[in-house]
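Observations on chain architecture
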Amino acid sequence: MSKGAVIIGGTVAGIQAALDLADSGIQVHLVESSPFLGGNGKATIPQHLLNARMLEISKHTNVTVWTSTGVSRAS
């Protein structure tokens, strides 16, 4: 059985959690309902750091990003 995680919400915290789990070798699915990552535009970190995190997450082999997507149920 393989390990995996779903993170709902592409906020700054969601992105960081996804990166931390992915760096630990866990396959991560990051789900965001809007077409953009990074939260509501009021980022709690400087924009250049947020951009670096988004670039890192888009290239990470253990992360799949799902934008414009919702979760209707989990089992």
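You'll find the structure just up there.
All of the points below concern the structure found in this document. (Residues numbered from 1 in each chain as written. Predicted model: local features only at pLDDT ≥ 70, side-chain atom pairs only at ≥ 80, totals over all residues. Heavy atoms only, no water.)

Even without being glycine, S68 reaches a positive phi, approximately 50°. Tracing the sequence through the fold places S68 in the segment after strand 3 (63–66). (Helix = DSSP H or I, 4+ residues; strand = E, 2+ residues; numbered from the N terminus.)

For the rest of this paragraph, the subject is the packing of helix 1 (residues 12–23) against helix 2 (residues 47–59). One way to put it is that helix 1 packs onto helix 2 with a least axis distance of 10 Å and a crossing angle of 45°. Judged on the interaxial angle alone, helix 2 and helix 1 are oblique. The way helix 1 lies across helix 2 gives a crossing that is left-handed. Between helix 1 and helix 2, the contacting residues are V12, I15, Q16, A18 and L19 on the first element and L50, R53, M54, E56 and I57 on the second. A breakdown of the residues in the contact of helix 1 with helix 2 according to their chemical character gives 7 nonpolar, 1 polar and 2 charged. (Axes fitted to C-alpha atoms, helices over the stretch in contact; angles between N-to-C directions. Parallel < 35°, antiparallel > 145°, perpendicular 65-115°, else oblique. Left-handed = near helix turned anticlockwise from the far one by under 90°. Contact = heavy atoms within 4.5 Å. Nonpolar A, V, L, I, M, F, W, Y, C, P; charged D, E, K, R; others polar.)

Moving on: the nonpolar core. By size, the foremost hydrophobic cluster in this structure holds 13 residues, and its most contacted members are I15, V28, L30 and I57. Residue assignment for this core shows that the elements contributing at least two residues are strand 1 (4–8), helix 1, strand 2 (27–31) and helix 2. Considering each element in turn, this core owes the most residues, 4 residues, to helix 1. If we skip the residues at most four places from it in the chain, V28 touches A5, I7, A18, L21, A22, N62, V63 and T64. (Core = buried A, V, L, I, M, F, W, Y, C linked by side-chain atoms within 4.5 Å. Buried < 20%, exposed > 50% of the residue type's maximum accessible area, 1.4 Å probe, protein only.)

Together, V6, I8 and V71 line one region of the surface with nonpolar side chains, adding up to about 300 Å² of accessible area. One can find V71 in the segment after strand 3. (Patch = residues over 30% accessible without salt bridge, like charges linked within 9 Å, V, L, I, M, F, W, Y side chains within 5 Å. Areas by Shrake-Rupley, 256 points an atom, 1.4 Å probe, with all protein chains shown as cover. Salt bridge = Lys/Arg side-chain N within 4 Å of Asp/Glu carboxyl O.)

On to the side chain of H60. Looking at where H60 falls in the secondary structure, it is placed in the loop between helix 2 and strand 3. Judged by its relative accessible area of 17%, H60 is buried. Excluding residues within four positions of it along the chain, H60 makes contact with L19, A22 and D23.

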